[in-house]
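# Structural overview for review
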Amino acid sequence: MNAATIIFLILATLLVISSLMVVFLRRVVHCAMALVVALLLIAILFITLQAPMVGILQVMVYAGAIMVLFLFVIMFLNPTALEQPSTARWGLAVILSVLLGAFLVPLLSQYEPGE
C-alpha cells in the first residue's frame, strides 16, 4: 500500500464515523456539527483526488451556506424540548460500526490501485 491509499483509508474511515454520528447522535445540534465534519472530509477527499475547485466549492456551498441555514432552522424549532436521553442507540451504533469495519477491512485489503 502506498501513502495515497493509506490517506484515503483514513479519510474514508473518519467520513464513515462522522456519517454514523449524524444518524445516531440524539442532540440535533451535534448531528448538524457532525454533518459539517462529514462535508469537510468530503472536501478533503476531493482535494486529494486532484479536484481542488470542487473541494473549495464543497466547503463554501455546503459546509458554509447550507449548514448556516440548517442551524438557523434547528435553533428556530427549539430542539431541546424534543430530546430524550437514550444509551441503547450508542450500543447499536458501536455494534454496527464494528460490523461495518469487519466487513470492509478484508475487502479493502485486497484492493490494489490501478487494477
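Described in the following lines is the structure provided in the data block. (Residues numbered from 1 in each chain as written. Predicted model: local features only at pLDDT ≥ 70, side-chain atom pairs only at ≥ 80, totals over all residues. Heavy atoms only, no water.)

### Comments concerning the layout of surface pockets
Under the convention used in this document: Lining residues are defined by having an atom within 4 Å of a point belonging to a cavity or pocket. Those points lie on a 1 Å grid over the protein atoms alone, cavities being sets where a 1.4 Å probe fits but cannot get out and pockets being open sets with protein on both sides within 12 Å along at least five of seven lines. Grid points are joined across faces, edges and corners, and a volume is the space filled by probe spheres set on the points. Helix and strand definitions here come from DSSP, where helices need a minimum of 4 consecutive H or I residues and strands a minimum of 2 consecutive E residues; each element is numbered from the N-terminal end. Note that Gly is not counted as nonpolar here; it falls among the polar residues with everything else outside the nonpolar set of Ala, Val, Leu, Ile, Met, Phe, Trp, Tyr, Cys and Pro and the charged set of Asp, Glu, Lys and Arg.
Taken as a whole, the largest pocket holds about 330 Å³ of empty space. Together, 15 residues line the largest pocket, and A12, T13, G101, L104 and L108 are the ones closest to its centre. Elements represented by at least two residues in the lining of the largest pocket include exactly α1 (3–24) and α4 (88–109). Each residue belonging to the lining of the largest pocket can be placed in one class, and the counts come to 11 nonpolar, four polar and no charged.

### Describing helix α3 (residues 52–77)
To keep things clear, this is the line we draw: By this rule, a helix spans an expected 1.5 Å times one less than how many residues it contains. Consider a residue and the seven residues that end there alongside the seven that start there; fitting an axis to each set, the bend is the angle between those axes. Only protein chains enter the area calculation, which uses a 1.4 Å probe; residues under 20% of their type maximum are buried, those over 50% are exposed, and those in between are partly exposed. Throughout, a contact is declared for two residues whenever any of their heavy atoms are within 4.5 Å.
Along its 26 residues, α3 runs 36 Å from first to last C-alpha, staying within 8% of the 38 Å computed at 1.5 Å per residue. Most pronounced at M67, the bend in α3 amounts to some 35 degrees. Among the residues making up α3, those that are buried are G55, Q58, A63, M67 and I74. Among the structural elements, α2 (28–48) are those in contact with the buried residues of α3. At the exit of α3 stands N78, carrying a positive phi of roughly 55 degrees.

### A closer look at the environment of V37
With respect to the element layout, V37 can be found in helix α2. C-alpha of V37 to C-alpha of Y111: the two residues are 74 residues apart in sequence and 27 Å apart in space.

### Considering the side chain of Q58
Within the element layout of this structure, Q58 appears in helix α3. Overall, Q58 belongs to the buried group, its relative accessible area being 9%. Residues within four places of Q58 in sequence aside, it is in contact with L39, I42, A43, F46 and A63.

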